[in-house]
Amino acid sequence: MTYNNNNDENKNIYEAPENSYSYSAEPEKNEKPHKNRGFLKAVAFVLSLVIVGAGSVQVYKYAEKNPKVSTMEEDSSEESESSEESKSESSAENINSLSSSSSEKLPSLIDLASRKDAMSVPDIVENAMPSVVGVSSTFEYTSQSIDMWGFSGRPSNQTEEIKGTGTGIIMTEDGYIITNAHVVYDTSEYNCGAAKSVSVVLSDETEYDAKVMGCDVETDIAVLKIDAKNLKAAEFGNSNDIKVGELVIAIGNPLGFELFGSVTSGIVSATNREITVNEKQMKLIQTDAAINSGNSGGPLLNSCGQVIGINSAKMSSSYGSASVEGLGFAIPISEAKTIIDDLINYGYVTGRPQIGIQTQDVSDTISRFYGIPVGVYVVSVSEGSSAEFAGIKEGDVIIGAQGEPVKNLEELNEIKKQYKAGDEITLTISRQGEDEDIEITLVLQEVTPDKE
């Protein structure tokens, strides 16, 4: 998503090998060499040139006086030229034949990366473009500043509007649109939260107000709804079938609507790539198709023109001390489908488990300083939660789950994600005043909007 503030060699050296030529010398004669032989040979050579030259002139003059001879020479010349032409034509045919056979044997990269039932790239773009939209979100950002001209020195709050743009995919003819959660819910350094208003711009530049039907920050998926009919819905494919090296095409609005509907292409670089996006662990499709700010929420298409991913993130061009390119990521559409259905039907993702605690990680340093074990420190327990019913208390340190050691909240969540709401899990807890660690079994509850 892009934001706009309304306030304004080394050279290769090739060394040619020395050519070695072998000469076959004539056998030496038994005659004694004459010291003037070299001179005589030179004279003989010059004379022979003169004789040949004179002979040629005489033959030319004779041919002028004798048409038959001239005709014979012309015929001979024509035959020679005809022979050379036929040789050239034959060579050209051979070259064309070789070129044709080579081109048949060596298909293009697009052909190699495409599926057997692939469409041409222009046809893919023409078919998909009406299903791609622009998404514009308006956020409110409140900043604090000190009144330098006043006497109190108290900070004053200033509210600013920030515009964000992204891309969306038309899912149904009656106006359901999917995009990234971060396009309509800001978790950046501004931390604005939900957008104040959202609008959608179609490929024909028609603009609609949009309602956010559901937004899931954890999977970075949101569903919008506009009041429109007879829209061109995108065709969706199966992201589980994609292969590394397969051709993919991305469509979106990089850097805003001035570059609306930009098309880039590449291949699938990896599948199920685990990366951390905004402190969330995600499994994504990796591609080298160019994906930039503003492409968020747009489609990643296969060579049949089907949506197999939702473009979501890119690796920064400056990653630590390294410079990187061609690292774009998309949410697999097959995994997103269940999330999308829940957001449409319920407004949140159903079945997601929770324990009902607020925590803080206990690092090695904190552990040594306070004399408590490394793990997950329970800061508070939510009222009516699974944790409260199971007897978890503030000050407990969770050091294990399901028999596996736990050092931080991320490790605890990874174990928790393997289960769904209604399942039982057992936590290992270190409690102050207890000589031994205790085991507590609890039933996971479902995360709902009012319990997140």
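Residues numbered from 1 in each chain as written. Predicted model: local features only at pLDDT ≥ 70, side-chain atom pairs only at ≥ 80, totals over all residues. Heavy atoms only, no water.

S.K.: Any details on the overall build of the protein? Residues and values, ideally.
M.R.: In terms of regular secondary structure, the protein is built from 9 helices and 25 strands. Expressed as a percentage of its 452 residues, the buried residues of the protein come to 35%. Of the roughly 28700 Å² that the protein leaves accessible, carbon and sulfur atoms contribute 49%. (Helix = DSSP H or I, 4+ residues; strand = E, 2+ residues; numbered from the N terminus. Buried < 20%, exposed > 50% of the residue type's maximum accessible area, 1.4 Å probe, protein only. Areas by Shrake-Rupley, 256 points an atom, 1.4 Å probe, with all protein chains shown as cover.)

S.K.: Please set out the layout of surface pockets residue by residue, giving values where relevant.
M.R.: Its volume calculated, the second largest pocket comes out at about 530 Å³. Along the walls of the second largest pocket sit 22 residues, with His182, Val277, Asn278, Ser312 and Ala313 positioned nearest its centre. Every element with two or more residues in the lining of the second largest pocket is listed here: β5 (185-186), β11 (262-277) and β14 (307-314). The class makeup of the residues in the lining of the second largest pocket is 9 nonpolar, 10 polar and 3 charged. (1 Å grid on protein atoms, 1.4 Å probe; cavity = no way out; pocket = protein on both sides within 12 Å on 5 of 7 lines; lining within 4 Å. Points joined across faces, edges and corners; volume = space filled by probe spheres on them. Nonpolar A, V, L, I, M, F, W, Y, C, P; charged D, E, K, R; others polar.)

S.K.: Any details on helix α6 (residues 333-345)? Residues and values, ideally.
M.R.: A rise of 1.5 Å per residue sets the reference length of α6, with its 13 residues, at 18 Å; its end C-alpha atoms lie 18 Å apart and thus fit the reference within 8%. For α6, the set of buried residues is Ile333, Ala336, Ile339, Ile340, Asp342 and Leu343. Considering only its buried residues, α6 is in contact with β4 (176-179), β8 (207-216), β9 (221-225), β14 and β17 (328-332). Note on α6: the residue one or two positions beyond its end, Gly347, has a positive phi of about 85 degrees. (Expected span 1.5 Å × (residues − 1). Contact = heavy atoms within 4.5 Å.)

S.K.: Can you break down unusual backbone geometry residue by residue, with the values?
M.R.: Positive phi is not limited to glycine here, since Asp220 has a value of about 60 degrees. Here Asp220 shows up in the loop between β8 and β9. Even without a glycine there, the phi angle at Gln402 is positive, about 55 degrees. One can find Gln402 in the loop between β21 (397-401) and β22 (404-405).

S.K.: Would you mind going over the pairing of β4 in detail, with residue names and values included?
M.R.: Burial of β4 is two-sided: the residues Tyr176 and Ile178 facing one way and the residues Ile177 and Thr179 facing the other way are all buried. Pairing analysis gives 4 bridges linking β4 to β9, with the strands arranged antiparallel. Paired with Ile177 across the bridge in β9 is Leu224. (Pairing = 2+ DSSP bridges.)

S.K.: Tell me about the sheet that holds strand β10 (residues 247-252), and please be specific about residues and values.
M.R.: Across a sheet, paired strands are connected by hydrogen bonds in the backbone, their directions being either parallel or antiparallel. What the 6 strands build is a closed barrel, ordered β10-β11-β12-β17-β14-β13; its pairing is antiparallel. Going from strand to strand, the sheet's axes swing by 50 degrees on average, the running direction of each strand aside. Where β10 and strand β13 (residues 299-301) come together, 2 bridges link them in antiparallel fashion. Bridge assignment links Ala250 to a residue of β13, and that residue is Leu300. Strand contacts of α6: β11, β12 (280-287), β14 and β17, with the helix running at about 55 degrees to β17, the strand carrying the most contacts. (Axes fitted to C-alpha atoms, helices over the stretch in contact; angles between N-to-C directions.)

S.K.: Explain the pairing of β21 residue by residue, including any values.
M.R.: Within β21, 5 of the 5 residues are buried, leaving the element largely enclosed by the surrounding structure. For strand β20 (residues 375-381) and β21, the ladder comprises 2 bridges, and the chain directions are antiparallel. Along β21, the bridge assignment pairs Tyr377 with Val397. Both β21 and strand β23 (residues 424-430) contribute to a ladder of 4 bridges, which runs antiparallel. Looking at β23, one finds that Ala401 is bridged to Leu427. As paired elements, β21 and β22 share 2 bridges and run antiparallel to each other. Residue pairing in the sheet places Gly400 in a bridge with Pro405 of β22. Hairpin geometry of β21 and β22 is characterised by an intervening segment of 2 residues between the two adjacent antiparallel strands and by a positive phi of about 55 degrees at Gln402.

S.K.: Go over helix α9 (residues 409-416) with me, naming the residues and quoting the values.
M.R.: Looking at α9, one finds that the buried residues are Leu412, Ile415 and Lys416. Along the axis of α9, the buried positions cluster into a sector of 100 degrees, meaning they face one direction only. On its buried face, α9 is in contact with β18 (353-354), β21, β22 and β23. (Arc of directions from axis to C-beta.)

S.K.: I'd like a rundown of a negative patch on the surface, residues and numbers included.
M.R.: A surface patch of negative charge is lined by Glu434, Asp435, Glu436, Asp437 and Glu439. With respect to the helices and strands, the residue Glu434 is situated in the loop between β23 and β24 (438-443). Glu434 sits in the partly exposed class, given a relative accessible area of 44%. (Patch = residues over 30% accessible without salt bridge, like charges linked within 9 Å, V, L, I, M, F, W, Y side chains within 5 Å. Salt bridge = Lys/Arg side-chain N within 4 Å of Asp/Glu carboxyl O. Lys, Arg positive; Asp, Glu negative; His and termini not counted. Charge placed at Lys NZ, Arg CZ, Asp CG, Glu CD.)

S.K.: Which residues make up the pattern of salt bridges, and what are the values?
M.R.: In the structure shown here, the tally under the stated rule is 9 salt bridges. Where Glu161 meets Lys196, a salt bridge forms, and the shortest distance between an N and an O atom there is 3.4 Å. Taken together, the positions of Glu161 in strand β3 (residues 155-170) and Lys196 in the loop between β6 (193-194) and β7 (197-201) put the pair 35 residues apart, joining distant regions of the chain. Among the residues examined, Glu161 registers a relative accessible area of 33% and is labelled partly exposed. The partner of Glu274 in a salt bridge is Lys283, and the shortest N-O contact between them spans 3.8 Å. Owing to a relative accessible area of 44%, Lys283 belongs among the partly exposed residues under this scheme. Several salt bridges share partner residues, and in doing so they unite Glu140, Glu161 and Lys196 into one network.

S.K.: A description of empty space enclosed by the protein should follow, citing residues and the corresponding values.
M.R.: Of the volumes computed, that of the largest cavity is approximately 80 Å³. Put simply, the parts of the chain that give the lining of the largest cavity at least two residues each are α4 (121-128) and β13. Residues of the lining of the largest cavity, tallied by class, amount to 8 nonpolar, 3 polar and 2 charged.

S.K.: Can you tell me about the packing of aromatic side chains, naming the residues and giving the values?
M.R.: Scanning the model with the defined rule gives 4 aromatic pairs in all. Centre to centre, the rings of Tyr346 and Tyr348 are 6.5 Å apart; their planes meet at 55 degrees, and the pair counts as tilted. For Tyr346, a relative accessible area of 51% translates into the label exposed. Arranged with centres 4.9 Å apart and planes meeting at 80 degrees, the rings of Phe369 and Tyr370 form a pair that is edge-to-face. Just as Phe369 is exposed, Tyr370 falls in that class too. A cation sits over an aromatic face here: Lys225 above Tyr176, 5.4 Å from the ring centre. (Phe/Tyr/Trp six-rings, centres within 6.5 Å; stacked < 30°, edge-to-face > 60°. Lys NZ or Arg CZ within 6 Å of the ring centre and 35° of its normal.)

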